[in-house]
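Examination of the molecular architecture
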Amino acid sequence: MQERMKLPFLMPMLIFLFVWNILPLLWVVGLSFYQFSVLQGGIPRFLGLWNYISILEDPYFWERFRTTFSFVALAVSLELVIGFALGFLFNQKFPGKRIMLPIIFAPMIIAPVAAGVFFRFIYDPHWGVINYFLTKFFNIRLEFLEKADLALPAVAAVDIWMWSPFMMLMCLAGLQAVPQHLLEAAEIDRIPWFMRFRNIVLPHIRPVLVLAVLLRTIDAFKTFDIVFVMTGGGPGAATEVLPMSIYRQAFLFFRTGQASSLAVIVLFIAVAFTSIYLMMIPKEA
Amino acid sequence: MSKTKRNWLSALTMAMVVAVLASLMVAFPIAAEEEVTLRILGIGGWTPSELAVKMGPLFSKYAEEKLGYKANVVADFAPFTSLYEKAASAFAAKSSQYDIIISDSQWLGAFATGGHILKLNDIIEKDPALSKIVKDIYPQHIASYMTYPDGSDEWWGLPQEGDDLVLYVRKDLLNDPKEQAAFKAKYKIDLPRTYEDFAKLDWDTFHKVIEFFNRPPKMYGFAGEYAKEYDFISDHVMSMFWTWGGDIIDTKTNRVRGILNSKVNAEALKYYKDLLKFQPPGAISFGIDQVINAMAQGQVFSALTWAAVGRPIFDPALSKVHDKVMVVMPPGKILENGKFNRIYCLGGQPWVISKYSKHQKEAIDFLKWWYLPETQWEFARRGGNPVVRSVIDTEKFKELNPWNRAYVDMIPQGRDFWHLPCYAELLLIQQEEWTAYMSGATKDAQTANDNIARRQELVLRRDGFLK
């Protein structure tokens, strides 16, 4: 009886998954082999792998890939370090901890578009708050979003501000799972703190950290809203990340086939990253 | 009769009454209750677009009195930067959501070749009123807002509003005797003061003027558009190219190499970058809003931007300099052959009628009403830039708003750029390369223009436009 009941209970979710995830994915993969513009209409022309070849041969694609990769590497690594440090801090007992926690988490609940607009004002070279203090104390003025070498770190800083608390949350959850008796025993044996960290803490929090890094990497790879609002991919192509390119191909140039192939390539990259991260998680975890 | 039977009979009678009423309603619609709702998609935050809707009640009155039907005009707005994707998405879905779309002139090709908008030639030819209107429009406006392909006589839109680049300057400073004396002492020439002085002003002299009034951090000499958003930097840079005697494309062959990346264009691009030293910090990201704001707040002595956005600068509630600004024609350039040359980008937008509209006849009625002299005057009084020459070529119009004279005088010196379906890609390439140059990512002007020429020809070749 129980075996027979499994399928009817699973069916609604499977249908939902197929209609909302699998079918559109297959549709996009299919479109990626055609020349088709949803605006110009007409019959799609089969191109085989041509869309993929033209993208991979395009130096501007690789430039955008480098930009995206730099953004992800910068944002996720700093989020990990800051989140980790905050996690350790909040794993201790100190006065005001309960008040501080929600304040630390606040950036996570702000809409990225709103955060982008706020930071555009904050970075403003003329009346932004950062430049106000830089001018007042150091007599310098920085054009954060206007200079090619500063724009990407400035945008990444917003992502770091928003998502470090998420890393902290994951780290905190991992630290709570570390058996206290092992730490106490190590303390009694006077084992140095870095040995305690490497041999007791790290093995216990590693799966959670890897998962956090994986989630953040995938999320950072599809960052669009902050970049769109803050720089529009500029100046030049300094902050032109791959999701911006997909958006332009799909909804500005209406090159639907080309946009689909680009989306498939980004999906492939995300899947590749997931596989690498999953390999890093110990099998017993 | 049993209670059950009675209930059945009552239900049956009710059903028959409802059916008869419904069929009567279908067969004889109540004409008096019919109201046509015209839906316009326009540019959010853009006065001329908003006026088209705000003046809707006037059309409703006109339609009821003169055309014999009730009409209502409603609007949906999207900012400049996302209007194209909203309009194009509606067209791609073959949606009847919008009857009229305020498009940008460069989109005509994409919408026309996709078969999404009405071709207007037959409609105009068969309608004496519309034919008369078209004859009363500047040829530059016909080429810019109505025609695709360029140089053909195929018409797809009509001008909703005209616009061009004009120069806003501080007349209080120009008329200050102390400033005039100081300028004369420094440069040995007179400070331009009047509209007529600026009409013959070249960039070399204007450069001295903005250098003279550049007094940071209190006031800067100039503000122009440099942002990557939409077409902001392109409109200004292309204006510099044309004024310097250069061009961006061979319209017969669509060749870009050797034209856009000419030596004179590199010189003009470098000149436009050098102007940044007279502008407020962050001017590299200045778009229309920032330029207006800088002028209205008294942050700059002069601003090069659109005639259509002049209103806030003259609004006492928004501007610190509302009574201190004069609108003039932008500077020209004395070319090597000694000719004074001034060609700037045309702005403004056409409106097009959706092929999927269920109210095409009423949309045409609306457009015919729009070009009536009284409607065009009302549009002008509310701050819009009409296009009908019998209105705008009058002295009364030129004196109505501070920017009107420069707007009209600049029309013959205005030029539009490609209307090709691949315009969005061509535009993004320019926006990317020129902002890269302005921000220092690309080191010299020639390289930036070479990159554009190469990349644009790839797109034009791919889409079969390169001859």
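All values reported here derive from a predicted model rather than from experimental measurement. (Residues numbered from 1 in each chain as written. Chains lettered and ligands numbered in written order. Predicted model: local features only at pLDDT ≥ 70, side-chain atom pairs only at ≥ 80, totals over all residues. Heavy atoms only, no water.)

**Overview of the overall build of chain B**
Along chain B, the regular secondary structure elements total 22 helices and 12 strands. For chain B, the proportion of its 467 residues judged to be buried stands at 58%. Long-range contacts, defined as pairs at least 24 residues apart, comprise 73% of the intrachain contacts of chain B with a sequence gap of at least 6. Roughly 19200 Å² of accessible area belongs to chain B as shown, and the carbon and sulfur atoms make up 56% of that amount. Here chain B contributes 56 positive and 57 negative side-chain charges, whose respective centroids are spaced 2 Å apart. (Helix = DSSP H or I, 4+ residues; strand = E, 2+ residues; numbered from the N terminus. Buried < 20%, exposed > 50% of the residue type's maximum accessible area, 1.4 Å probe, protein only. Contact = heavy atoms within 4.5 Å. Areas by Shrake-Rupley, 256 points an atom, 1.4 Å probe, with all protein chains shown as cover. Lys, Arg positive; Asp, Glu negative; His and termini not counted. Charge placed at Lys NZ, Arg CZ, Asp CG, Glu CD.)

**Considerations on the domain arrangement of chain B**
Residue and element names in this part refer to chain B. Its domain assignment divides chain B into domain 1 (33-163 + 348-415) and domain 2 (165-346 + 420-462). Using only C-alpha atoms to locate each centre, domain 1 and domain 2 end up separated by 28 Å. The interface is formed by 33 residues belonging to domain 1 together with 30 residues belonging to domain 2. Here domain 1 and domain 2 share an interface that buries about 2700 Å² over both sides, 65% of which is from carbon and sulfur atoms. Area buried by domain 1 at its contact with domain 2 is led by D163, W403 and R415, which between them contribute 27% of it. Seen at the junction of domain 1 and domain 2, the total is one salt bridge. Notably, a salt bridge pairs R415 with D247, separated by 3.7 Å at the nearest N-O pair. At the junction of domain 1 and domain 2, the tally comes to 11 residue pairs in polar contact (both at pLDDT 80 or more). (Domains from an automatic or database assignment. Buried area = accessible area lost by both parts, 1.4 Å probe. Salt bridge = Lys/Arg side-chain N within 4 Å of Asp/Glu carboxyl O. Polar contact = N/O pair within 3.5 Å; in protein donor to acceptor, adjacent residues only side chain to side chain.)

**Overview of the packing of helix α5 (residues 112-123) of chain A against helix α7 (residues 148-176) of chain A**
All names here are of chain A. Running from N to C, α5 and α7 cross one another at 130 degrees; their axes reach a closest spacing of 11 Å. Considering their axes alone, α5 and α7 lie oblique with respect to each other. The chirality of how α5 crosses α7 is right-handed. Where α5 approaches α7, its residues P112, A115, F119 and Y123 are matched on the opposing element by A154, A157, V158, W161 and M162. Considering only residue class, the contact of α5 with α7 consists of nine nonpolar, no polar and no charged. (Axes fitted to C-alpha atoms, helices over the stretch in contact; angles between N-to-C directions. Parallel < 35°, antiparallel > 145°, perpendicular 65-115°, else oblique. Left-handed = near helix turned anticlockwise from the far one by under 90°. Nonpolar A, V, L, I, M, F, W, Y, C, P; charged D, E, K, R; others polar.)

**What about the environment of A259 of chain A?**
Residues and elements named next belong to chain A. Here A259 lies in helix α12 (residues 256-280). Relative accessible area serves as the criterion here: at 5%, A259 is assigned to the buried category. For the pair formed by A259 and I55, sequence separation is 204 residues and the distance between their alpha carbons is 9.9 Å. Ignoring anything within four residues of it in the chain, the contact list for A259 reads I246, Q249 and A250.

**Let's talk about the pairing of strand β1 (residues 34-37) of chain A**
Residues and elements named next belong to chain A. Both β1 and strand β2 (residues 41-46) contribute to a ladder of three bridges, which runs antiparallel. Within β2, the position partnered with Y34 by the bridge is F46. Where β1 folds back onto β2 in an antiparallel hairpin, the turn is made up of three residues. (Pairing = 2+ DSSP bridges.)

**Let's talk about the packing of helix α3 (residues 59-90) of chain A against helix α9 (residues 193-221) of chain A**
All names here are of chain A. Interhelical geometry of α3 versus α9 gives an angle of 140 degrees and a closest axis separation of 10 Å. Taken together, α3 and α9 sit at an angle that is classed as oblique. Crossing angle aside, the handedness with which α3 passes α9 is right-handed. Mapping the contact onto sequence places F65, T68, F71, V72, V76, E79, L80, F84 and F88 in α3 and F197, V201, I205, L209, V213, R216, T217, A220 and F221 in α9. The residue inventory of the contact of α3 with α9, partitioned by class, reads 14 nonpolar, two polar and two charged.

**Thoughts on the sheet that holds strand β1 (residues 35-43) of chain B**
Residues and elements named next belong to chain B. Across the sheet, which stays open at both edges, the five strands sit in the order β2-β1-β3-β11-β4 with mixed pairing between neighbours. Unpaired on one side and paired on the other, β2 (70-78) and β4 (158-161) mark the two borders of the sheet. Taken pair by pair, the neighbouring strands of this sheet meet at an average axis angle of 30 degrees, ignoring direction. Looking at chain direction, β4 and strand β11 (residues 349-353) are connected through three bridges and run antiparallel. Among the inter-strand pairings, P159 is bridged to a residue of β11, identified as P350.

**Observations regarding the pairing of β1 of chain B**
Residues and elements named next belong to chain B. Across nine bridges, the pairing between β1 and β2 is parallel. Paired with I40 across the two strands is A75, which belongs to β2. Here β1 pairs with strand β3 (residues 100-102) via two bridges, running parallel. Considered in β3, the bridge of I40 is made with I100.

**Some details on the interface of chain B and chain A**
Counting residues at the interface gives 31 residues for chain B and 27 residues for chain A. Here chain B meets chain A over a buried area of about 2400 Å², counting both sides, of which 54% is carbon and sulfur. Considering only the side of chain B, the residues that lose the most area to chain A are E85, K228 and P281 of chain B, jointly responsible for 19% of the buried surface there. At the boundary of chain B with chain A, the tally comes to two salt bridges. Where E432 of chain B meets R64 of chain A, a salt bridge forms, and the shortest distance between an N and an O atom there is 2.8 Å. Inspection of the chain B/chain A interface yields 15 residue pairs in polar contact (both at pLDDT 80 or more). When contributions to the side of chain B that touches chain A are tallied by element, the ones reaching two or more residues are α4 (80-92), α5 (108-113), α21 (423-439) and α22 (445-462) of chain B.

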